[in-house]
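These are the residues of each chain, in order.
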Amino acid sequence: MNTGLLEILRCPVDRKPLRLERIEEGKKLLSGKESLFIKTAILFSESGFLYPVINGIPRLIVEAYSDYADFLRLHLPDYSLRKKRLEENYGALIQHVHSKNSHTKKSFAQEWELYNYETDKTWNLDSAGLLDRFCTETAETRESLNGKWILDAGCGNGHLNIEMAKAGMNVIGMDFSLSVVRAFHQNDQENAHFIQADVEFPPLPFQFFDVVHSSGVLIHTQRTELSFSSLDPCVKPGGKFSVWAYQPRKDVIHNLMNRFRSVSSRLPVRMQYVLYACTLLPVSFVVKRLKGNSQNIREMMVDILDWCSPRYRWEHEKTEVESWFAKRNYPVVQLTDENMWGFNMTGTKQSLTSPAN
């Protein structure tokens, strides 16, 4: 992370600014020039939570104090006391995040470990296609977004974020899986930033972003609307909130797959990988080749894992998602994209100068 990012980051629990204790700096080639970045550090919150910066990435999940216990124990002589106080004061919250996050972090980390940045497409799209789709979903253009602040909530492999930065946008890509580690190492743009964070506890300021974008992510959380409401405060007045959601389908195979995944997703993630590789992958390969689909094996497996491996995979009607925007003061709501799997809806938040309805 660069020093300037500290001004934007917040504790995901109390949403207050963080105190930085540097341990090590590094150098990275960004936007064609060698730049210093904070490689190793600890971020301290007023409420007592601890967030390490490891290999340049702020680990801003609530459970970071336990996920990265070895790191914190090495650098904090009083770590055990700090841990005890946190668990005494926030025991219920900590138990909640561990319960809801443990499987999903492993699931998406495994999914994006397969991705090859040099050869693979993301959802059948190359770099230009990803950026085009983002502009379509947000009802914006490269020109209109130049210089704007964008939050990509659930950034996955980070490929889109790097392309957005190349187009002149300031981007924070967050994901609570370790996919952000590979994204950070691939990034060569000074205006693209990556953090490990949870969409239900965004470690970011209120009313800051021109666009908050979450594509196919909220439907993989415990409660989709709750996650929606957690990100909504990050959108500035007059800004946009763009969300992609799956929709129900009256299709026998689709619904059989959903029943299958309701059982298989409970298995350990490595066991799921073997199961899908031996069963779904061969069938997918044959069917897609017969249809003329040229996806490689890795891309097919990413698709399968994205559907079957997450603990949650909700489907919503368009009217339901539209109501989420209406309840949170988005007077303009657009259906910006749709296919048989789902749809993207983008709302424009009431601006401070607009008359109230």
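Refer to the structure presented above.
Bear in mind that the values here come from a model prediction, so they are computed numbers and not experimental data.

Rules used throughout
Residues numbered from 1 in each chain as written. Predicted model: local features only at pLDDT ≥ 70, side-chain atom pairs only at ≥ 80, totals over all residues. Heavy atoms only, no water. Pairing = 2+ DSSP bridges. Helix = DSSP H or I, 4+ residues; strand = E, 2+ residues; numbered from the N terminus. Axes fitted to C-alpha atoms, helices over the stretch in contact; angles between N-to-C directions. Contact = heavy atoms within 4.5 Å. Patch = residues over 30% accessible without salt bridge, like charges linked within 9 Å, V, L, I, M, F, W, Y side chains within 5 Å. Areas by Shrake-Rupley, 256 points an atom, 1.4 Å probe, with all protein chains shown as cover. Salt bridge = Lys/Arg side-chain N within 4 Å of Asp/Glu carboxyl O. Buried < 20%, exposed > 50% of the residue type's maximum accessible area, 1.4 Å probe, protein only. Polar contact = N/O pair within 3.5 Å; in protein donor to acceptor, adjacent residues only side chain to side chain.

S.K.: When you look at the sheet that holds strand S10 (residues 332-338) in this model, what are you seeing that I'm missing?
M.R.: Note: strands within a sheet are paired through backbone hydrogen bonds, in either parallel or antiparallel orientation. As summarised here, the arrangement of the seven strands in space is S7-S6-S5-S8-S9-S11-S10, forming an open sheet in which the pairing is mixed. Unpaired on one side and paired on the other, strand S7 (192-196) and S10 mark the two borders of the sheet. Adjacent strand axes in the sheet meet at a mean angle of 15°, parallel and antiparallel pairs treated alike. Where strand S5 (residues 149-153) lies against strand S8 (residues 209-215), three bridges are found, and the strand directions are parallel. Bridge pairing in S8 places Ile150 opposite Val211. The strands touched by helix H14 (residues 318-327) within the sheet are strand S9 (235-246), S10 and strand S11 (342-348), with S11 carrying the most contacts at an inclination of about 20°.

S.K.: For this particular structure, what's the right way to read a nonpolar patch on the surface?
M.R.: Taken together, Phe285, Val286, Leu290 and Ile297 make up a surface patch of nonpolar side chains, about 380 Å² in accessible area. No other element matches the three residues that helix H12 (residues 280-290) contributes to the nonpolar patch. By the element assignment, Ile297 lies in helix H13 (residues 297-308). By relative accessible area, Ile297 is classed as partly exposed at 43%.

S.K.: Sorry if this is basic, but what is going on with the pattern of salt bridges here?
M.R.: With the rule as written, the count across this model stands at 25 salt bridges. A salt bridge links Glu25 to Arg22; the nearest nitrogen and oxygen atoms lie 2.6 Å apart. Judged by relative accessible area, which is 43%, Arg22 ranks as partly exposed. Here Asp120 ties to Arg298 by a salt bridge, and the two come within 2.7 Å at their closest N and O atoms. Of the two residues, Asp120 is situated in the loop between helix H4 (91-113) and helix H5 (127-138) and Arg298 in helix H13; the sequence distance between them amounts to 178 residues. Given the relative accessible area of 32%, Arg298 is considered partly exposed.

S.K.: Would you mind showing me how to read the side chain of Arg328 here?
M.R.: Position of Arg328 relative to the elements: it lies in the loop between H14 and S10. Among the polar contacts listed, one links the side chain of Arg328 to the backbone oxygen of Trp324, at a separation of 3.0 Å. Sequence-distant contacts of Arg328, defined by excluding residues within four places in its chain, comprise Glu225, Phe228, Ser229, Asp232 and Lys349.

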